[in-house]
Structures are given as C-alpha cells and as structure tokens.
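# Analysis of the macromolecular model
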Amino acid sequence: RRGSTRRPKGYELTELTLENAMQKAISIRKKKGLPYKIGSDLPRRTLITEAMKYLQPSDRIVADHIKVPVPDFEAVLVVVGDLTGSMMGLRVEIAKQLIFNVNALLKAKYKKVTVRFVGFSDTAKEFSENDFFKSFFGGGTSYVAGLTMGRDILSEYANATHNKYMLLVGDGETYDVGESVSIVRSMFEDLQYFSAAITSGGGGSDQLTGPLTSLKSEWPFIGVDTLNQPSDVIPSLKKLFPKEPGK
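Residues numbered from 1 in each chain as written. Predicted model: local features only at pLDDT ≥ 70, side-chain atom pairs only at ≥ 80, totals over all residues. Heavy atoms only, no water.

### As for the side chain of S180
Where we set the bar: Labels follow the DSSP assignment, with helices taken as runs of H or I lasting at least four residues and strands as runs of E lasting at least two, numbered in each case from the N terminus. Exposure is judged per residue with a 1.4 Å probe applied to protein chains only, and the accessible area is read against the type maximum: over 50% gives exposed, under 20% gives buried, and values in between give partly exposed.
When you line up the elements, S180 lands in helix 6 (residues 177–186). In this structure S180 comes out as buried when scored by relative accessible area, which is 1%.

### Quick look at the packing of helix 3 (residues 90–109) against helix 8 (residues 233–240)
Put simply, the test is: Here an axis means a line fitted to C-alpha atoms, over the contact stretch when the element is a helix, while the angle between two N-to-C directions is reported on a 0 to 180 degree scale. Put simply, angles under 35 degrees are roughly parallel, angles over 145 are roughly antiparallel, angles from 65 to 115 are roughly perpendicular, and the rest are oblique. Definitions for this section: a left-handed crossing has its near helix turned counterclockwise from the far helix by less than a right angle. A right-handed crossing has that turn clockwise. By the convention used here, residues are in contact when the closest approach between their heavy atoms is within 4.5 Å. The residue classification treats Ala, Val, Leu, Ile, Met, Phe, Trp, Tyr, Cys and Pro as nonpolar and Asp, Glu, Lys and Arg as charged. All others, Gly included, are polar.
At a minimum axis distance of 10 Å, the contact between helix 3 and helix 8 shows a crossing angle of 60°. The angle between helix 3 and helix 8 places the two elements in the oblique class. As for how helix 3 packs across helix 8, the hand of that crossing is right-handed. Across the interface between the two elements, I94, Q97, L98, N101, V102 and L105 of helix 3 pack against V233, I234, L237 and L240 of helix 8. Among the residues forming the contact of helix 3 with helix 8, the class breakdown is eight nonpolar, two polar and no charged.

### Things to note about the packing of aromatic side chains
How we decide: Two rings from Phe, Tyr or Trp (for Trp, the six-membered ring) form a pair when their centres sit within 6.5 Å of each other. Planes less than 30 degrees apart are called stacked, planes more than 60 degrees apart edge-to-face, and all others tilted.
Using the criterion set out here, one finds nine aromatic pairs in the structure. Plain terms: the ring middles of F188 and W219 are 4.6 Å apart, the flat faces sit at 10° to each other, and that makes the pair stacked. Here F188, found in the loop between helix 6 and strand 5 (193–199), pairs with W219, found in the loop between helix 7 (209–214) and strand 6 (222–227); they are 31 residues apart in sequence, far enough to count as distant. As far as the burial class goes, F188 and W219 line up, both buried. With 5.7 Å between their ring centres and 75° between their planes, W219 and F221 make a pair best called edge-to-face.

### Quick word on the packing of helix 5 (residues 143–154) against helix 6
Between helix 5 and helix 6, whose axes approach to 9 Å, the crossing angle comes to 15°. When the axes of helix 5 and helix 6 are compared, the pair comes out roughly parallel. For helix 5 against helix 6, the interelement crossing comes out left-handed. Within the contact between the two elements, helix 5 uses Y143, V144, L147, T148 and R151 and helix 6 uses E179, S180, I183, V184 and S186. Residue composition of the contact of helix 5 with helix 6, grouped by class: five nonpolar, three polar and two charged.

Following this line, the structure appears as structure tokens:
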C-alpha cells in the first residue's frame, strides 16, 4: 500500500508550493495589465484559483529537492465538518478558506479530484458543497457519527485507483473522544493523510487535539493544527499534511 507507486518521493512543502503558484499568477497578471495585489479588486481565492491553472510539476517545492511526479492515481477527499451552532461565524469562515486551499492543492497534484462533504451534529449527513456551508444542526456533537460516515464514503473508492484523504474540521468539543480516535486508527491503511483542523476561533474547549496528535507515534501521516483566524490557514497546511519521518 505504501510503496513508491502510492506515494511520491520527497515531501511537498505545500506552503512554499502555493507561494510559487501565486507568484506565477501575479507575474502573468502584471504582464496583462490586470490588478495583481490581493485586496478588494483581487480576492486571495481568485488568485489561488488562477495560480493552479499555471502550476507545473517543476514549481513544486519538495524537501531534499526531489521532484514530485504527478501520480496516475485519482484523489478523493472527504471533508467531515462539525455543523453545530458553535461553528457559526468566524469558525465557519476559517473552515471555508481551509477547504478551498486543500482542494486547490490536490487539484494541482492530481488529474482528477473528487470531494465529498459530510456534516454532523449528533447525527451525520452527506451534503453538496453549496449546502455544506449553509447548513447547521441543533443538538449535541458526535464526531463518531461524522467520522463513521466519512469512512463509509471512502470505502466506495478502490485503493488500486484512488489516493484517499480525510479532512476533519471542527472546534474539537465532543463527548466521544476515545471512540473517535479508534475510528481514525481504523482508517490508517486506507488513507494517504488524515488531517484535523481545530477551528477554535479564539475560544472553545478542545478535547481532540491531544489524543489525535498522540496517534502520530503509530502512524506518521496524520496532521493536527489549531486555527484561530483566517490568516492561519496557509501556514497550517504544512502541519496538516506532515512529512514522513526520515524522508
């Protein structure tokens, strides 16, 4: 499963790769006489979207200067998001920016990327991308419900043809920490990466960061980070998709 055909050699430094892509888009905009400074006339999302169109394999920055080939595999990303009321406001804005950037980076790396969205409170439901950011549940918070549905969705895709990613986004407040960690552990052999973004928004009582981080001693392809504001998104990417030890 983790042979050279499944994982490109080297560690792609996503933060620097994204910066390379954005600089290329800025240069092209300058030549065309278009606005090139991020602001009201040029949102960051617009610039990143343009940058992904121009990104070449040689633009990727990889540890030890090893070029990363574009794999033949397709990618599937399952976003598992806490849609309880505590995620409204700043936290959901952080989540939007993070999901957009992760999706953009995967699209630069794979020829085809499928993104599925699971929202949860004490139950879980699959949503379209548009509905995902407009839907909030009442009730309690069960990360187990979301992770279980996310795992079921990933099982629809064959390991022989797809590299699989899961991105968990929430404030980390839950009563089922132990069972949630067990579900993550059960997916190790099927995933390229499991990433958990705790969108604290400057507050909250996070119970998940510590237990999930401890899993790294069992499996290196897990990333956990806390995001307090939208500006944390880009620096967080390298922590959410960490390198393999010794590579």
